[in-house]
Protein chains: 6
Amino acid sequence: MRVDGRTNDELRPVHIEPNYLKHPEGSVLISVGDTKVICAASIEDKVPPFMRGGGKGWITAEYAMIPRATEQRNIREASKGKLSGRTMEIQRLIGRVLRSVVDLQKLGEKTIWIDCDVIQADGGTRTASITGAFVAMALALGKMVENKKLPMLPITDFLAATSVGIDEEHGIILDLNYIEDSKAHVDMNIVMTGSGRFVEIQGTGEEATFSYEQLLDLLTVAEKGIYELIALQKEALGSLAEQIVQNRSEGEETK
Amino acid sequence: MRVDGRTNDELRPVHIEPNYLKHPEGSVLISVGDTKVICAASIEDKVPPFMRGGGKGWITAEYAMIPRATEQRNIREASKGKLSGRTMEIQRLIGRVLRSVVDLQKLGEKTIWIDCDVIQADGGTRTASITGAFVAMALALGKMVENKKLPMLPITDFLAATSVGIDEEHGIILDLNYIEDSKAHVDMNIVMTGSGRFVEIQGTGEEATFSYEQLLDLLTVAEKGIYELIALQKEALGSLAEQIVQNRSEGEETK
Amino acid sequence: MRVDGRTNDELRPVHIEPNYLKHPEGSVLISVGDTKVICAASIEDKVPPFMRGGGKGWITAEYAMIPRATEQRNIREASKGKLSGRTMEIQRLIGRVLRSVVDLQKLGEKTIWIDCDVIQADGGTRTASITGAFVAMALALGKMVENKKLPMLPITDFLAATSVGIDEEHGIILDLNYIEDSKAHVDMNIVMTGSGRFVEIQGTGEEATFSYEQLLDLLTVAEKGIYELIALQKEALGSLAEQIVQNRSEGEETK
Amino acid sequence: MRVDGRTNDELRPVHIEPNYLKHPEGSVLISVGDTKVICAASIEDKVPPFMRGGGKGWITAEYAMIPRATEQRNIREASKGKLSGRTMEIQRLIGRVLRSVVDLQKLGEKTIWIDCDVIQADGGTRTASITGAFVAMALALGKMVENKKLPMLPITDFLAATSVGIDEEHGIILDLNYIEDSKAHVDMNIVMTGSGRFVEIQGTGEEATFSYEQLLDLLTVAEKGIYELIALQKEALGSLAEQIVQNRSEGEETK
Amino acid sequence: MRVDGRTNDELRPVHIEPNYLKHPEGSVLISVGDTKVICAASIEDKVPPFMRGGGKGWITAEYAMIPRATEQRNIREASKGKLSGRTMEIQRLIGRVLRSVVDLQKLGEKTIWIDCDVIQADGGTRTASITGAFVAMALALGKMVENKKLPMLPITDFLAATSVGIDEEHGIILDLNYIEDSKAHVDMNIVMTGSGRFVEIQGTGEEATFSYEQLLDLLTVAEKGIYELIALQKEALGSLAEQIVQNRSEGEETK
Amino acid sequence: MRVDGRTNDELRPVHIEPNYLKHPEGSVLISVGDTKVICAASIEDKVPPFMRGGGKGWITAEYAMIPRATEQRNIREASKGKLSGRTMEIQRLIGRVLRSVVDLQKLGEKTIWIDCDVIQADGGTRTASITGAFVAMALALGKMVENKKLPMLPITDFLAATSVGIDEEHGIILDLNYIEDSKAHVDMNIVMTGSGRFVEIQGTGEEATFSYEQLLDLLTVAEKGIYELIALQKEALGSLAEQIVQNRSEGEETK
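Residues numbered from 1 in each chain as written. Chains lettered and ligands numbered in written order. Predicted model: local features only at pLDDT ≥ 70, side-chain atom pairs only at ≥ 80, totals over all residues. Heavy atoms only, no water.

Named according to an unreviewed UniProt entry, chain A is Ribonuclease PH originating from Anoxybacillus pushchinoensis. UniProt's Subunit (unreviewed entry) comment on chain A is quoted here verbatim: "Homohexameric ring arranged as a trimer of dimers." (UniProt positions renumbered as here; feature names shortened; annotations may be inferred.)

Here it is, written out as structure tokens:
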């Protein structure tokens, strides 16, 4: 049994509260166990300079933690005057994976700004951010369709993320909390679509290595977790979820 | 009647949720109308270099907004790489006023870090931050007394803050929301103790000026609001509030 | 008697030397006791981006100290690579209060840059900066009228600033020098117009608080000092002062 | 046939010139096709603050490109005053993977600084950096053993990296050059040891996704490339390579 | 005749006002024509880390201009957050040349901080800064001798600086003002001691070159100017000047 | 005999490898003894804002060292987030001297970016950079003439740089290596054209001074070295060198 009583392939309790904030076009508060992230999606009516005139849209993400999201207070990056390498890696990851399930041509020359602000951290903040950000983005784009600013929802599939790892005591485990993450020899973040295709695999041995067989087992457990997360996203999105399912099946037909 | 149906000397609905976060020694979520701020207090066992060896403690504050706390997305200060003048002013204000109701000698060589993170903004974020930060700080210090790390609560009085302003249409109004703040000719932030003494008065004509009589009226309305806020702080603090009341009366006797 | 032999409500000797520098449109060297500030006003023929097209002008200020303006050498902010919170607060204050006595509509789409460079500091640098900057600005605008770049002087009233404080030994005192400022429990900066209206009140208890009665007494003493400062501004401005007096009385009539 | 005449699972010509620089403890110039990287390893006799007193060593890496390493001149990060997210990601990656094949306990409280300076870029700069940095590090550690500063070589296995990708025209290809990289839908960097274990897998769909079957095929092709790279590392390292082989087999026995 | 009526080898009027500021150990206001610089010398009782324990002192300089020292307002380097290349060059030059006439061994482990703040600029600010800084430094060191903090004045010779240039119309000219400097093809700054030895020669063709013969003529004219400047330094220093003269002759004897 | 066996007026072995890099318009690897610098020239089809519309071109330079170019690893300026004063001085010098031998009018509104990246340092990196950068620039401009983007080579003369110094043991020496540079009392960098005219003289006493006679001797030795360097530049440039010789003689005729 794991430190919090879960079985090896069990997610922590996950809640997604849609429309958590008043101002953004789309927003959620996602909690994955004690990890809590406010995800907001803002639509801007232009694209960055390097994309202008191409007719395509863009998605970019920012990620931050409040200082006492963690056990020890961490220094604000705004006070230090620069972003850490870790923050930059996470920001780039979130933006990149969301772009894989949006038809940027259909979005047109708009930028979707994703803000993920971690208010409480207990491991898995980047995967919770991706899972929540997808919902916030879908809400924002859904509102644009509603307001006739877009003819149709340009989302081609669901997208969720989770972590898997290898631990000396338990072997392969799903959705590591902070304590588990600190002890794991191998740590892998997996981002998958609703059709079970990979968008991103980042597996890392922490002063350790892993074998081909272990890799296959890690992927199997991750897939189970991702499907459960996507089921929760569907609940949170209601009728918007149906539209995404339909987009996906149309996409498969045209392939 | 004001834009949200309030009378001129009426506060917006105020809620203080104590112990909002898992990790910090003290924390609250304060909402004043649609303005919502997470306030956290962290105790560090040392003081900044310029105070070492003096036997006194220190209180310092940081303030930030998440990008979509506001109607228009604002750029993260961590991304810009520096704090705005406005942020610095607010941070200095929060730290300074809290120091006026803590006996820093009794605190000893410790630093209280206050973090105020605005997750939704509708005017009055700095005064809500002060009112919430006081409670978070009291909770953190209360826990230290409980854990025998301090012999007694070093808080000498309650402390709360609100805004008052002068508006062409309504005259003097209490607790301005964002729309009211944008239109006001005169804007004043008042920080007071539970004994009705001033800690800070910051009154500003926005391309305008104000008379002595107007000043007196502004102060009267502010005082009413502050007392109501302190009543809510007492509720949130429970038995800790009684200890503060007792400290205050002892302080008055020794004067 | 105070440390420098003054009575409680006595200003330090104040001198304003107009046209101190060769290049700027308007400049003064103001000395208030041992505090000496070079104030320069520059007129730029455009406004910041957020104001373009609105037909209104803008006033912005920068403040700095040379390293040995003070007893201990302080590190240059240019070397540190960023402005301190204190500097930012003062810069924002100077710009804001000057805007309250200029008709920005009549100024048109121009920016007035105010530079206050403290070459010697002995307390009250921000209030000396405001008092001097007003004169530098009036000289610069007067020159524009002379050169037919403005039809009339867009200044609606005089503006000066001083400090008042409460000291254990002397009670309420006017125009604090550095030693007095270090000891005062309460420190208040007051900015007023020539008509006796307030533009800014910033009163702060330094690990202390103050009562309503004390506040009223502080304001009375401050007002006396401000009127004396404005008399000196009038001398320095000569015939320009008459024009401001006339603007003010016309402004009052139209109200 | 690929743009440069290679078959799908063929590496570009790879050359490793050991001891390329005069000053560093270990250095190489590695070229992988037209990609050329100077890798240097420096040994410092202390560890970063967060590791002091633990008896373990540390490995950290820095990565940069000269401005005309690329077709278009890119702006120097030193001139911009900050590192890009891409640079930070690569630096973290290089340090992390090298730490997986060094026994940090045996290294003792020393830091190995790895510098990878790309002087010419044609795709695969991060994988070439890792492959070259391993050799530079081994040379530096070998010299320490020679100079009796270390009792034995603390390297537990070989380490090399390459890229694989999926291209519409060719399917799965090995060791992508810049043109191929720009067109690939899926891009994966693989870091493996001499024993065929994974240290890092980073697979990314670029506005695209990939299936489980594709993933398995990508890994097979990558493994072939890695073994060829390790053969070249052995040549460059001469007798040091034998020591690593021996360390590895001893490590396997003790497991 | 030159633009301001001078002959080719004539300095502008030079005034040195010693002890211009209240706080620094040594200070002057130097004016060279319309160029005015406040020079201050501060003594700190330690040396930078790289010099500790060596028993020698250090001299370092900082240089800045107030924004309206110039015809066009220039942006504050503190606001830009970094020093320009020009500022850094000048700072390094001032520190370096002063070190050539101070016996750093006799100074002991102290740092002399030189601050040169240009309040009005009309060409030659760096040479005026050097000439003024020498006097400020001598005053500060003289005060240390007076206060028994140093056994003797550790200054080995006088030091002054001026500029020479080549102008299409006038040929070789001394002490260029701003207009002359803008037009000159060749610009040279010369720093010399009271014994006529060179400390620094910086000659630059501005999109132009100069011959060996021109160089010799430039040096002759510069030497004349330097001797006149040193005569003025002697006046400003009074009896301290005699001590320097004596140190110099003793230094020559021991050679 | 000097530390490396040279006579006092002997250069170290110098090699210039043209077209060292694949991507830049012009590039060389220059080695002067153990000092090795990659110089690249890039042509951009616009000028900086302050020069637009003037019809003239611009030349700007950047200089950097890789961390282990030196005996001790030096911290990357990109990691520190700012350029040192030394780097800025060198960058400004390189750009300035190259501008003296290019007819910027004939270049037209283009910018030549010079990048000098030191990969190994043993004294004289700035003079090696200038000597190498001249060749890289000539190659780049030659290619533009070849591609009909320029009607003729806008270079008016050769340009090379070397150092001379005064050493207690050897007297005046040419082309100082790192050890010699550390010990020299006087250090001078000389930049000259192929016609023997000076472009820049920077002579500095390091806590020392030098006489007029010493200066003349230094210049004589420097001139000898420069002519040898220019002979090597001619070899590296082949037929382009003839064009420069012709431009120079035409330039002399029109004078």
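### Section: the environment of Val 101 of chain C
Residue and element names in this part refer to chain C. The residue Val 101 is located in the loop between helix H2 (85-99) and helix H3 (104-107) in this model. Residue Val 101 is classed as buried on the basis of its relative accessible area of 1%. As a C-alpha pair, Val 101 and Cys 116 span 15 residues in sequence and 18 Å in three-dimensional space. Beyond its immediate stretch of four places on either side in the chain, Val 101 contacts Phe 134, Pro 154, Ile 155, Thr 156, Asp 157, Phe 158, Leu 159 and Thr 193. (Helix = DSSP H or I, 4+ residues; strand = E, 2+ residues; numbered from the N terminus. Buried < 20%, exposed > 50% of the residue type's maximum accessible area, 1.4 Å probe, protein only. Contact = heavy atoms within 4.5 Å.)

### A word on the interface of chain A and chain D
The partner chain D presents 33 residues to the 33 residues of chain A that form the contact. Summed over both sides, the interface of chain A with chain D buries roughly 3,000 Å², with 53% coming from carbon and sulfur. On inspection of chain A and its partner chain D, the count reaches four salt bridges. Linking chain A to chain D there are 14 residue pairs in polar contact (both at pLDDT 80 or more). Sort the elements by how many residues they give to the side of chain A that touches chain D and strand S9 (residues 198-205) of chain A lands first, with eight residues. Among the residues making up the side of chain A that touches chain D, the classes are represented as 13 nonpolar, 11 polar and nine charged. (Buried area = accessible area lost by both parts, 1.4 Å probe. Salt bridge = Lys/Arg side-chain N within 4 Å of Asp/Glu carboxyl O. Polar contact = N/O pair within 3.5 Å; in protein donor to acceptor, adjacent residues only side chain to side chain. Nonpolar A, V, L, I, M, F, W, Y, C, P; charged D, E, K, R; others polar.)

### Looking at the UniProt feature "domain: Exoribonuclease phosphorolytic" (unreviewed entry) in chain A
In this structure's numbering, the residues bearing the UniProt feature "domain: Exoribonuclease phosphorolytic" (unreviewed entry) are residues 10-140 and 158-225 of chain A. Segment residues 158-225 of chain A splits into 29% helix and 43% strand. End C-alpha atoms: 14 Å apart.

### Quick look at the side chain of Glu 89 of chain A
Summarising the element assignment, Glu 89 of chain A is placed in helix H2 (residues 85-99). Beyond its immediate chain neighbours, meaning those up to four positions away, Glu 89 of chain A contacts Arg 126 of chain A together with Glu 89 and Arg 92 of chain D.

### Considering the arrangement of the chains
Across all C-alpha pairs, the smallest distance from chain C to chain D is 12 Å, and the two are not in contact. If you take every C-alpha in chain B and every C-alpha in chain F, the smallest gap between them is 12 Å, and the two do not touch.

### A short note on the relation of the copies chain A and chain B
Turning chain A through 180° and shifting it by 0.0 Å along the axis lays it on chain B, with an RMSD of 0.0 Å. Here the transformation between the copies is reduced to the relation of a two-fold axis. When the interface residues of chain A are mapped onto chain B, 100% of them again fall at the interface, so both copies present the same face. (Least-squares fit on C-alpha atoms with pLDDT ≥ 70 in both.)

### A closer look at the interface of chain A and chain B
Taken residue by residue, the interface counts 34 residues in chain A and 35 residues in chain B. Here chain A meets chain B over a buried area of about 2,900 Å², counting both sides, of which 47% is carbon and sulfur. The largest per-residue losses of area from chain A upon contact with chain B belong to His 23, Arg 68 and Arg 76 of chain A, which jointly make up 25% of the total buried on that side. There are 14 salt bridges connecting chain A and chain B. Here chain A is connected to chain B by 28 residue pairs in polar contact (both at pLDDT 80 or more). Sorting the residues of the side of chain A that touches chain B by element identifies strand S3 (35-44), strand S4 (58-65), helix H1 (77-80) and strand S5 (111-120) of chain A as the ones contributing at least two each. No other element matches the six residues that S5 of chain A contributes to the side of chain A that touches chain B. Partitioning the side of chain A that touches chain B into residue classes produces 16 nonpolar, six polar and 12 charged.

### Brief notes about the sheet that holds strand S2 (residues 26-32) of chain F
Backbone-to-backbone hydrogen bonds pair the strands of a sheet. The strands run either parallel or antiparallel. Residue and element names in this part refer to chain F. Spatial ordering of the open sheet is given by S1-S2-S3-S5-S4, a layout of five strands whose pairing is mixed. Each of the sheet's edge strands pairs with one partner strand only, and the pair in question is strand S1 (14-18) and strand S4 (58-65). Taken pair by pair, the neighbouring strands of this sheet meet at an average axis angle of 15°, ignoring direction. On top of the sheet, helix H4 (residues 125-146) reaches S1, S2, strand S3 (35-44), S4 and strand S5 (111-120); it is set at about 35° to S3, its chief contact. (Pairing = 2+ DSSP bridges. Axes fitted to C-alpha atoms, helices over the stretch in contact; angles between N-to-C directions.)

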